[in-house]
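Chain by chain, the residues:
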Amino acid sequence: MDYSVVQQCMHCGMCLPTCPTYGLTNRERHGPRGRIALMRAIADKALPLEQAFGHEMDFCLGCLACQSACPADVDYAQLFEAARASVQEQSRRPWLIRAYRRLTLGWLFRSPRAMRAFGRVMERTQRWGLFEAVVASPLMGLVSKKWERLIGMTPTMERAFSHQLIAEVERPKGKTRYRVGMLTGCIQDIAYASINRATVDVLLENDCEVITPAVQSCCGSIHGHNGEVAWAKESARKTIDAFPIERLDAIISNAGGCGSHLRHYGRLLAQDSEYAERARQWDAKVRDIHEWLVDIDFRKPTASLPSQRVTYHESCHLCHGQRITSQPRTVLASIPGLEIVSLTESNVCCGSAGVYSITQPEASDALLKTKVQHLLDTDADVVATSNPGCDLQLKRGLDEAGSSMRVCAPVTLLAEAYRA
Ligand code: SF4
Ligand code: SF4
């Protein structure tokens, strides 16, 4: 942990009102100031690194709302990842959790081919109704509530994955103004491939040649957020290797959580003599899709979509991690036919936060309940959001509330408008 970052905290408490977990309990240790104080005490050897600290860091969403509010610019993202890495190194989790982490973080998320094979099996079992039958069967009584929840939250896989929808090189109809790389993600690759296709369509409409390597590694965000630094570094190296960085004007991410991590490969690989320089070049070219569209003064659609009310939920790692707040709204506002309605607390976490909804079900559900109420209050037909985790969480919450509000990405609506 970089001690100088911990020292930057001046204990002012400006971050407290923005912290969702502090809001849930009103306890100092459940807020950013308390967590930073614990980190400092452990670094000073005034406190041992115990399991209680691990639980505290597991309770933190990593949403980075505190970082946005902090007048001292404390890099909480860095502290959070370092703290989780220390916990992972020094504490021993129960064997079932270790086995699960090895299976998912250590294998599935490190092998794009395994992820696609898993996606294909899931897609078939979901399409044939087998998955639903298992979820509804007495077999579920044999697993714990947490596993039942995990199984129930499996996203619906798409029939075609990204490499089946997107060619490795796609060129615009007219003159090429830019050449960009397209990140397809891991879960996004199999469960949200149509968002990737929509992103490529939007880029082509804006005179971008799009390079999309057919096989891409997970960006490593999930490893970094869960304290698995070695795997995060390996994923970063593989991702860098997949793209011809020097030939690209930008590398496009369309998922808030991934984008936030992808911008910090330079820091992650700073001590890697082979990759440090390329990682710095990489960081300089990573762009969120909305940010890129606004930067290049994207073509505004002229055809109208059917009239509909649209609201916008901000992914934490897009608004707090990448400070991208106005651009997705600019994209939505450019689409004829949409009436944009504002969402109360649009930048407060929905409780998804990677695996948080599985590891901290009560806190996650409490945050989701508030989010869904705010969504219902808008009376919107559509909620736009740009992170697969948020998409999944909002769909679950709206479904449970009996709402038919559509959840989709801003870029999906823009692609629909271009096609209209
Ligand atoms: S990351 Fe989110 S949950 Fe964690 S301390 Fe900061 S505001 Fe609170
Ligand atoms: S706002 Fe920043 S400086 Fe103030 S207590 Fe929170 S983290 Fe520390």
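Residues numbered from 1 in each chain as written. Chains lettered and ligands numbered in written order. Predicted model: local features only at pLDDT ≥ 70, side-chain atom pairs only at ≥ 80, totals over all residues. Heavy atoms only, no water.

Novice: I tried to follow the overall build of the protein chain on my own but got confused; where do I start?
Specialist: When helices and strands are tallied, the protein chain shows 25 helices and 9 strands. For the protein chain, whose C-alpha radius of gyration is 21 Å, the value lies close to the compact-globule estimate of 22 Å for 420 residues. Dimensions of the protein chain, computed from C-alpha atoms along their principal axes, come out at roughly 65 × 55 × 40 Å. Classification of the 420 residues of the protein chain by burial places 55% in the buried group. Across the protein chain, contacts joining residues at least 24 apart in sequence account for 77% of those joining residues at least 6 apart. Working note: accessible area of the protein chain is about 18,700 Å², and carbon and sulfur atoms make up 53% of it. Charge centroids of the protein chain, computed over 49 positive and 46 negative side chains, lie 3 Å from each other. (Helix = DSSP H or I, 4+ residues; strand = E, 2+ residues; numbered from the N terminus. Rg over C-alpha atoms; globule rule 2.2 N^0.38 Å. Buried < 20%, exposed > 50% of the residue type's maximum accessible area, 1.4 Å probe, protein only. Contact = heavy atoms within 4.5 Å. Areas by Shrake-Rupley, 256 points an atom, 1.4 Å probe, with all protein chains shown as cover. Lys, Arg positive; Asp, Glu negative; His and termini not counted. Charge placed at Lys NZ, Arg CZ, Asp CG, Glu CD.)

Novice: Explain the site of ligand 2 to me, please; I cannot follow it from the model alone.
Specialist: As a structural note, the neighbourhood of ligand 2 is formed by Cys-9, Met-10, His-11, Cys-12, Gly-13, Met-14, Cys-15, Arg-33, Ile-36, Cys-70, Pro-71 and Ala-72. By residue class, the composition of the shell around ligand 2 is 9 nonpolar, 2 polar and 1 charged. (Near = heavy atom within 4 Å. Nonpolar A, V, L, I, M, F, W, Y, C, P; charged D, E, K, R; others polar.)

Novice: What am I meant to see in the site of ligand 1 here?
Specialist: In the vicinity of ligand 1 lie 13 residues, with Cys-19, Arg-35, Cys-60, Cys-63 and Cys-66 positioned nearest. In terms of residue class, the shell around ligand 1 is made up of 10 nonpolar, 2 polar and 1 charged.

Novice: Even after reading the chapter, I still don't get the sheet that holds strand E8 (residues 382-384), so can you show me in this structure?
Specialist: Picture the strands of a sheet paired through backbone hydrogen bonds; they go either parallel or antiparallel. The parallel open sheet is built from 4 strands, whose spatial order is E7-E6-E8-E9. Two strands in the sheet have a free side with no partner beyond their single neighbour: strand E7 (338-340) and strand E9 (406-408). Going from strand to strand, the sheet's axes swing by 30° on average, the running direction of each strand aside. Summarising the sheet, strand E6 (residues 308-312) and E7 pair through 3 bridges and their orientation is parallel. Its bridge partner being in E7, Gln-308 is matched across the sheet by Leu-338. The strands that helix H25 (residues 410-419) touches are E6, E7, E8 and E9; relative to E9, the one it contacts most, it runs at about 95°. (Pairing = 2+ DSSP bridges. Axes fitted to C-alpha atoms, helices over the stretch in contact; angles between N-to-C directions.)

Novice: Which parts of the structure should I look at to understand the packing of aromatic side chains?
Specialist: This model, assessed by the stated rule, comprises 4 aromatic pairs. An angle of 20° between the planes, with centres 5.5 Å apart, marks the rings of Tyr-265 and Trp-282 as stacked. You can see Tyr-265 sitting in helix H17 (residues 265-268) and its partner Trp-282 sitting in helix H18 (residues 276-285), a full 17 residues away along the chain. For Tyr-265, a relative accessible area of 0% corresponds to the buried category. The class of Trp-282 is buried, set by a relative accessible area of 0%. By the ring-pair criterion, three or more aromatic residues cluster together here, those being Phe-243, Tyr-265 and Trp-282. The residue whose ring lies beneath Arg-120 is Phe-161, and the NZ or CZ to ring-centre distance is 4.1 Å. It is Lys-300 that lies over the ring of Phe-298; its NZ or CZ is 4.2 Å from the centre. (Phe/Tyr/Trp six-rings, centres within 6.5 Å; stacked < 30°, edge-to-face > 60°. Lys NZ or Arg CZ within 6 Å of the ring centre and 35° of its normal.)

Novice: Help me out: how do you make sense of the sheet that holds strand E3 (residues 208-211) in this one?
Specialist: Strand order in this open sheet of 5 strands is E1-E3-E2-E4-E5, and the pairing throughout is mixed. The open sheet has two edge strands with one neighbour each: strand E1 (169-170) and strand E5 (286-288). Bridging between strand E2 (residues 178-182) and E3 involves 4 bridges; their strand directions are parallel. Its bridge partner lying in E3, Arg-179 is registered against Glu-209.

Novice: What is the right way to look at a nonpolar patch on the surface in this model?
Specialist: Among the surface-exposed residues, Trp-95, Leu-96 and Trp-147 lie close enough to one another that they form a single nonpolar patch of about 350 Å² accessible area. Structurally, Trp-147 is set in helix H10 (residues 145-152). (Patch = residues over 30% accessible without salt bridge, like charges linked within 9 Å, V, L, I, M, F, W, Y side chains within 5 Å. Salt bridge = Lys/Arg side-chain N within 4 Å of Asp/Glu carboxyl O.)

Novice: I would appreciate a short explanation of helix H15 (residues 229-242) in the present structure.
Specialist: Owing to its 3.6 residues per turn, the α-helix aligns residues three or four sequence positions apart on the same side. Relative to the 20 Å expected for 14 residues at 1.5 Å per residue, H15 spans 20 Å between its end C-alpha atoms, a close match to the ideal helical length. Within H15, the full set of buried residues consists of Trp-231, Ala-232, Ser-235, Ala-236, Thr-239 and Ile-240. Those residues of H15 hidden inside the fold are in contact with helix H7 (95-104), helix H14 (221-225), helix H16 (256-262), H17 and H18. (Expected span 1.5 Å × (residues − 1).)

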